[in-house]
Amino acid sequence: MNGSDALQTDVSRLEKPALIVGLLALVISVGGGLHSPVQFFRSYLRGYVFWLGVALGCAAVLMLHHLVGGRWGFVIRRLLESGTRTLLVMAAFTVPFLLGLRFLYAWADPVRAHAETAIEDKALYLNVPFFIGRTIVYFAAWMLLAHFLNKWSLEQDRTANPALTRRLQNLSGPGLVIYGLTVTFASVDWVMSLEPSWFSTIYGMIFMVTQALSAMSLVIVITLLLSKTEPLREMVTPPALNDLGNLLLTFTMLWAYLSFSQFLLIWSGNLPDEITWYTARATGGWAWIAVLLIVFHFAVPFLLLLSRFVKRRIRLLSAVAAGLVVMSLLDMFWLLAPAYDRAGPRFHWLDWTAVIGMGGVWFWRFIAQLKRAALVPLHDPRMARGAGHHG
Amino acid sequence: MKLSTKKRPLYGLIAEFDNPDDLLAAAHRAHAEGYRRMDAFTPLPVEGLAEAVGFVSTRLPLVVLIGGLCGCIGGFLLQYYPNVMDYPLNIGGKPLDSWPAFIPVTFELTILGAALFAVFGMLAMNGLPTPYHPVFNAPRFELASRNRFFLCIKARDPRFDLEKTRQFMTGLKAREVSEVEV
Amino acid sequence: MEKSPNQITEDLLRPLLRTSPKYYFAVALLAAVVVVAFAAFGYQAYSGLGVSGLRRPVFWGFYITNFVFWIGISHAGTLISAILRLANATWRRPVTRCAEVITVFALSIGAMFPVIHLGRPWLAFWLIPYPSERQIWPNFRSPLVWDFFAINTYLIGSVAFLTLPILPDWALVRDKASGWRKRVYGFLSLGWRGTPRQWSRLESAMHIMAIVIIPVAVSVHTIVSWDFAMAPVPMWHSTIFGPYFVAGAIFSGIAALILAMACLRKFLHLEDYLKPLHFDNLGKLLLMMSLLWFYFVFAERLTTWYGNEPSEMAVFWTTQQGAYAPLFWTMVFCNFLLPFPILAIKRLRTITGTVIASTAVVAGMWLERFLIIVPSLSHKFLPYNWGTYRPTWVEITIMVGTFAGMALLYALFAKAVPIISIWELKLGLHEKSEVRSQETEGRGKLAFGGQEKLET
């Protein structure tokens, strides 16, 4: 089956509009950036961290699938693979980000870096050349992983060689460790160092779960759009949806567990170094965002996803997933923005254009990659066995 | 043997099968024949048998949900009442209503409530412990936990007729059909 | 070779119905060690905690190390078994019960340590919140009280999770045994008859328990970790401690499970049930956990180094290259450098290989618990307050006693209960034969019983 035939749907028609909308929004962003570069880079970082997180989350869930198998993975594998291909676009988006470091980070600003002792203590790690070097290493590692994950999977479509499954499995174990280590470093670099005197050891894990959650949610929404398309229609069965829903539920619970662990320890310790991070995020206007996150990022989706009724129906499941995509975006905003706007949330129009701009280009790349291959893997030996089980 | 059964009331007729498929087929036939009050005894769960003997679905999940809610609310009050109302005491400069610190115990007691309701709900709905049950009098019934599969049609069934039912059951590929006394 | 349902019954009930003199000897030996340990505890309760090595500033030593260690081991069972049940991994059937037993006993032993550690152990019941003549309540803001609730919930849940699927097996023993055994197992099996309703509700209850027990298991070790992380002690006050402890607990738990299974296989002659496949699969899980453990140690140490707090750096360097460095690098060797190659190379992942790796991991994880507790306490903020810790014979005797106690409880349990779930094994055979007979149109069906002669 030819991949491009299979995609005669609404999704493939979105390819060009996505690119146009994305580029247009980015042009507007740059225009606004000429006016206020500081706000431009802050907004840019928010969009960048979110969309990069989705791409990396796709890689993580994909490797998890290769490692443990399960019928849920075959439904969304091609979507995840296309998601990892967007890392190339994100690598391109990194260049403007690196140019604006000194607008974003106190430690990258030559004046402020020497004014605060907390920053000077960390100068060994937080300095511009080392930061850029690390960023290059992260992207090299991620793109190398994504390259082989895609290459071997597509090769299996052509050659039906069952040994490739084993090879993907062997790559995914160490791959997940590499993912974990790089994302831990990256989250420290890009987000935690916005407030250089604060640190939390669980931060990298929270980031990983957020990435996996946003990627899973987005992919489930796209599955709904594609669920009428032929090879996928047979695969999107209630049991497979149930598995996807359970995975989403697991990520939601993990997010709550990790976030609560961090909050409880810092709340009870109440040490001046640490608690400021939460006083910035849970007082004033930000408290409302925090409550919104507790209710709609955890409580409501958690209760909905407990029910098999919801999990087995694609429309209900993707409605929950769509809600979670929005909440992940808000979560990212809540993590990043209070570093500057302590008083309360302030949604600048550049925030919107940055997210939409990068998202448009992301989707363009995603759909283009999705069209390259069949919508479901063709020759994975585990797939036949997995299909026989639920019958 | 027969004489003694006359003296005591009859619980039902029990048929012994070699494998789960014969039992399942027999249960379906008995249901088609109009028998409703019957039960099966097997050494392992047999898929589809519960439906065949007329058991729709278990209400256990609902019971568990109630248990969990009781545990949750009770757990929070267990901490709120002493620390806020009965003996308010400033500890470590924390507010009296330290709700973040109350979450772990609330969570544990939610689960405890759910688990206890699951276990005792299961036992109660299954009528366990059952110190005495007539089927234990059936000959060779000790094999029901090992490798034989039994189907019992109870005497209470409106369509039960000792001779006709015995004839019907003998025609079901059963190894043996015997009477069970109360 | 596949066993027939009757052979399964015979093989797995044999330990319950026949006992060799060697068994009595082993039990007597283990019981003797346990008695000595109890005597040591009696001596400590009589003379006071001064007979232990706990001195200022290190007031948490071997006892708390063992507490965390045993609670960690308890994550072998219920958690792994629940995950395998929910994932419907077919290879789990012979493994689940021997795993769940570890949880129940390791948890009971672990929960004893905080009490042993008390100066006045007879006042342990003060943890229970009830309106009393003392007129005060436990402080619910304290993680030590959370421990009480978490561990007891986990213990009750695990006992239920273990006992529910034993009911049908007890019914089997009741129907097979004679004399006093018949009476005892008749009582224990509660009149189980195996009706479709009973099976349906039992399976439903097991499914629900499997779902609720996973968050409890995670919460238990998280709360144990908060005993440390809530205190502003250098290298303790770390937000990652929850998941870090949980991962370590599962890691040591799988290792303990592999060791227990190897012992059962050897002593109860279960070679046909606990196969190399099971060790291979558990070996893979252990490998995954080893990588995860490595990630956690790395992330924790890296972020601490990045944070660069002077008091934390003192502890950091004393474990990295100071007095505790030999223990630290032994731990890294036992938990990562040795098991990783053994478990990653398929040819080495044999029964012997996994047993060697597991032994190393159990030792390494014990060291990890020690290294979390003691270096931090002996290097708290002000250097005038620094000190050392050396355990005394009392602490060592009690610790050895708990290992013997674990083996003793396990041996007694394997005598009273079929250590492999018989009905679940038969169900597995039945399901397999169903699939096979679908493929071969009715041939190859499983023959239940048939020739077996009736024993009365």
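Residues numbered from 1 in each chain as written. Chains lettered and ligands numbered in written order. Predicted model: local features only at pLDDT ≥ 70, side-chain atom pairs only at ≥ 80, totals over all residues. Heavy atoms only, no water.

### Looking at the layout of surface pockets
Residues and elements named next belong to chain C. Reported here for the second largest pocket is a volume of approximately 1200 Å³. Here the lining of the second largest pocket gets 7 residues from one element, more than from any other, and that element is helix 16 (residues 393–416). Residue classes in the lining of the second largest pocket are distributed as 24 nonpolar, 3 polar and 5 charged. (1 Å grid on protein atoms, 1.4 Å probe; cavity = no way out; pocket = protein on both sides within 12 Å on 5 of 7 lines; lining within 4 Å. Points joined across faces, edges and corners; volume = space filled by probe spheres on them. Helix = DSSP H or I, 4+ residues; strand = E, 2+ residues; numbered from the N terminus. Nonpolar A, V, L, I, M, F, W, Y, C, P; charged D, E, K, R; others polar.)

### As for the nonpolar core
If you look at soluble globular proteins, the nonpolar side chains tend to sit buried side by side. Residues Y48, F97, Y105, W142 and W190 of chain A together with I419 of chain C are the most contacted members of the largest nonpolar core, which totals 316 residues. Setting aside anything within four residues of it in sequence, one finds Y48 of chain A in contact with M90, F93, T94, F97, F139, W190 and M358 of chain A. (Core = buried A, V, L, I, M, F, W, Y, C linked by side-chain atoms within 4.5 Å. Buried < 20%, exposed > 50% of the residue type's maximum accessible area, 1.4 Å probe, protein only. Contact = heavy atoms within 4.5 Å.)

### What to know about the confidence of the model for chain A
In the predicted model, chain A carries a mean pLDDT of 86, and the fraction of residues at 70 or more is 95%. Below pLDDT 50 for its whole length, residues 386–391 of chain A participates in 3 contacts with residues either more than four positions away or in separate chains. (pLDDT = per-residue confidence, 0-100.)

### A closer look at unusual backbone geometry
All names here are of chain C. Looking along the chain, the bond that leaves R56 and enters P57 is cis, with omega of 5°. Backbone geometry places Q135, a non-glycine residue, at a positive phi of 65°. Along the polypeptide, Q135 turns up in the loop between helix 5 (96–116) and helix 6 (143–163). The backbone of L190 shows a phi angle near 60°, a positive value even though the residue is not glycine. Within the secondary structure, L190 sits in the loop between helix 8 (180–188) and helix 9 (196–229).

### Comments concerning the interface of chain B and chain A
Listed per partner, the contact involves 8 residues of chain B and 6 residues of chain A. Each partner contributes to the roughly 530 Å² buried at the junction of chain B and chain A, and carbon and sulfur atoms together form 86% of this total. Put simply, chain B and chain A have 0 salt bridges between them. Connecting chain B to chain A are 1 residue pair in polar contact (both at pLDDT 80 or more). Grouping the amino acids of the side of chain B that touches chain A by side-chain chemistry returns 6 nonpolar, 1 polar and 1 charged. (Buried area = accessible area lost by both parts, 1.4 Å probe. Salt bridge = Lys/Arg side-chain N within 4 Å of Asp/Glu carboxyl O. Polar contact = N/O pair within 3.5 Å; in protein donor to acceptor, adjacent residues only side chain to side chain.)

### Brief notes about the interface of chain C and chain B
Facing the 59 residues of chain C at the interface are 65 residues of chain B. Summed over both partners, the interface of chain C with chain B buries about 5500 Å², with 67% contributed by carbon and sulfur atoms. Here chain C and chain B share 1 salt bridge between them. Here D39 of chain B ties to R197 of chain C by a salt bridge, and the two come within 4.0 Å at their closest N and O atoms. Here chain C is connected to chain B by 14 residue pairs in polar contact (both at pLDDT 80 or more). Secondary structure elements with two or more residues in the side of chain C that touches chain B: helix 1 (5–17), helix 6, helix 7 (167–176), helix 9 and helix 17 (422–439) of chain C. Tallied by class, the residues present in the side of chain C that touches chain B amount to 31 nonpolar, 16 polar and 12 charged.

### Digging into the pairing of strand 2 (residues 38–41) of chain B
Residues and elements named next belong to chain B. Neither face of strand 2 is open: one carries M38 and A40, the other D39 and F41, and all of them are buried. By the bridge criterion, 4 bridges tie strand 2 to strand 3 (residues 149–154) in an arrangement that is antiparallel. Across the sheet, the residue bridging to F41 is F150, located in strand 3. (Pairing = 2+ DSSP bridges.)

### Some details on a nonpolar patch on the surface
Nonpolar side chains collect at one region of the surface, where L62, L65, I66, L69, I73, L77, L116, F117 and F120 of chain B together with I156 of chain C lie side by side and expose about 940 Å² of accessible area between them. The dominant element in the nonpolar patch, judged by the number of residues it contributes, is helix 4 (residues 60–86) of chain B, at 6 residues. You can see I156 of chain C is positioned in helix 6. (Patch = residues over 30% accessible without salt bridge, like charges linked within 9 Å, V, L, I, M, F, W, Y side chains within 5 Å. Areas by Shrake-Rupley, 256 points an atom, 1.4 Å probe, with all protein chains shown as cover.)

### Overview of helix 9 of chain C
Taking 1.5 Å of rise per residue, the 34 residues of helix 9 of chain C would be expected to cover 50 Å, and the 49 Å separating its terminal C-alpha atoms lies within 8% of that figure. By the criterion of burial, helix 9 of chain C is predominantly enclosed, with 26 of the 34 residues buried. (Expected span 1.5 Å × (residues − 1).)

### A short note on the confidence of the model for chain C
All names here are of chain C. The predicted model of chain C has a mean per-residue pLDDT of 86, with 95% of residues at 70 or higher. Every residue in residues 450–456 is under pLDDT 50, and counting partners more than four places away or in other chains gives 13 contacts. Across the predicted assembly, pTM comes out at 0.88 and ipTM at 0.86.

### A few points about the pairing of strand 4 (residues 176–181) of chain B
Residues and elements named next belong to chain B. Of all 6 residues making up strand 4, 5 are buried, and the element is well covered by its neighbours. Pairing of strand 1 (residues 10–17) with strand 4, which is carried by 6 bridges, proceeds in the antiparallel orientation. In the sheet register, L13 faces strand 4, and the bridge partner there is E179.

### A closer look at helix 3 (residues 62–73) of chain C
All names here are of chain C. With 12 residues, helix 3 should cover 16 Å at 1.5 Å per step; its first-to-last C-alpha distance of 16 Å lies within 8% of that length. Of all 12 residues in helix 3, 12 are buried; the element is thus mostly enclosed. Taken together, the buried positions of helix 3 are F62, Y63, I64, T65, N66, F67, V68, F69, W70, I71, G72 and I73.

### As for the packing of aromatic side chains
Each aromatic ring pair is summarised here by two numbers: the centre-to-centre distance and the angle between the ring planes. Scanning all chains against the criterion turns up 75 aromatic pairs over all chains. Between W146 of chain C and W226 of chain C, the aromatic rings sit 6.0 Å apart at their centres with planes inclined by 75°, giving edge-to-face as the arrangement. Of the two residues, W146 of chain C sits in helix 6 while W226 of chain C sits in helix 9, which places them 80 residues apart along the sequence. Residue W226 of chain C is classed as buried on the basis of its relative accessible area of 3%. Above the face of the Y340 of chain A ring, R42 of chain A is positioned so that its terminal group lies 3.8 Å from the ring centre. (Phe/Tyr/Trp six-rings, centres within 6.5 Å; stacked < 30°, edge-to-face > 60°. Lys NZ or Arg CZ within 6 Å of the ring centre and 35° of its normal.)

### With respect to the sheet that holds strand 2 of chain B
Think of a sheet as strands paired side by side through backbone hydrogen bonds, with each pair either parallel or antiparallel. Residue and element names in this part refer to chain B. Strand order across the open sheet formed by 4 strands is 2-3-1-4, with antiparallel pairing between neighbours. This sheet does not close on itself; its edge strands, each paired only once, are strand 2 and strand 4. In this sheet, adjacent strand axes meet at a mean angle of 25° when their direction is disregarded. As defined by bridge partners, strand 1 adjoins strand 3 across 6 bridges and the pair is classed as antiparallel. The residue bridging A15 from the neighbouring strand is L151, located in strand 3. (Axes fitted to C-alpha atoms, helices over the stretch in contact; angles between N-to-C directions.)

### Details of empty space enclosed by the protein
By the definition in use, this model includes 7 cavities of 30 Å³ or more. Counted as a void, the largest cavity has a volume near 150 Å³. Taken together, 14 residues form the lining of the largest cavity, with Y244, E300, R301, L371 and I372 of chain C sitting closest to its centre. Listing elements by their share of the lining of the largest cavity, those giving two or more residues are helix 10 (241–267), helix 11 (276–307), helix 12 (310–320), helix 13 (325–337) and helix 15 (351–378) of chain C. When residues in the lining of the largest cavity are grouped by element, the largest group, 4 residues, is from helix 15 of chain C. Surrounding the second largest cavity, 17 residues form its lining, A144 and S145 of chain B together with P168, A171 and W192 of chain C being those nearest its centre. Those elements that place two or more of their residues in the lining of the second largest cavity are helix 7 and helix 17 of chain C. Looking at the lining of the second largest cavity element by element, the count peaks at 6 residues for helix 7 of chain C.

### Structural notes on the side chain of D22 of chain B
Residue and element names in this part refer to chain B. Turning to its location among the elements, D22 is positioned in helix 2 (residues 20–33). The class for D22 is buried, based on a relative accessible area of 16%. The residues contacting D22, other than those within four sequence positions of it, are F17 and K173.

### Some remarks on the side chain of T223 of chain A
On the secondary structure map, T223 of chain A appears in helix 12 (residues 203–226). With residues up to four places along the chain from it excluded, the contact list for T223 of chain A reads V75, I76, L79, V236 and I314 of chain A.

### Section: the pattern of salt bridges
Residues and elements named next belong to chain A. Applying the stated rule across the entire model yields 19 salt bridges over all chains. For R346, the salt bridge identified is with D341, shortest N-O distance 3.2 Å. Here R346 falls in the partly exposed class, since its relative accessible area comes to 42%. The buried category is assigned to D341, whose relative accessible area is 12%.

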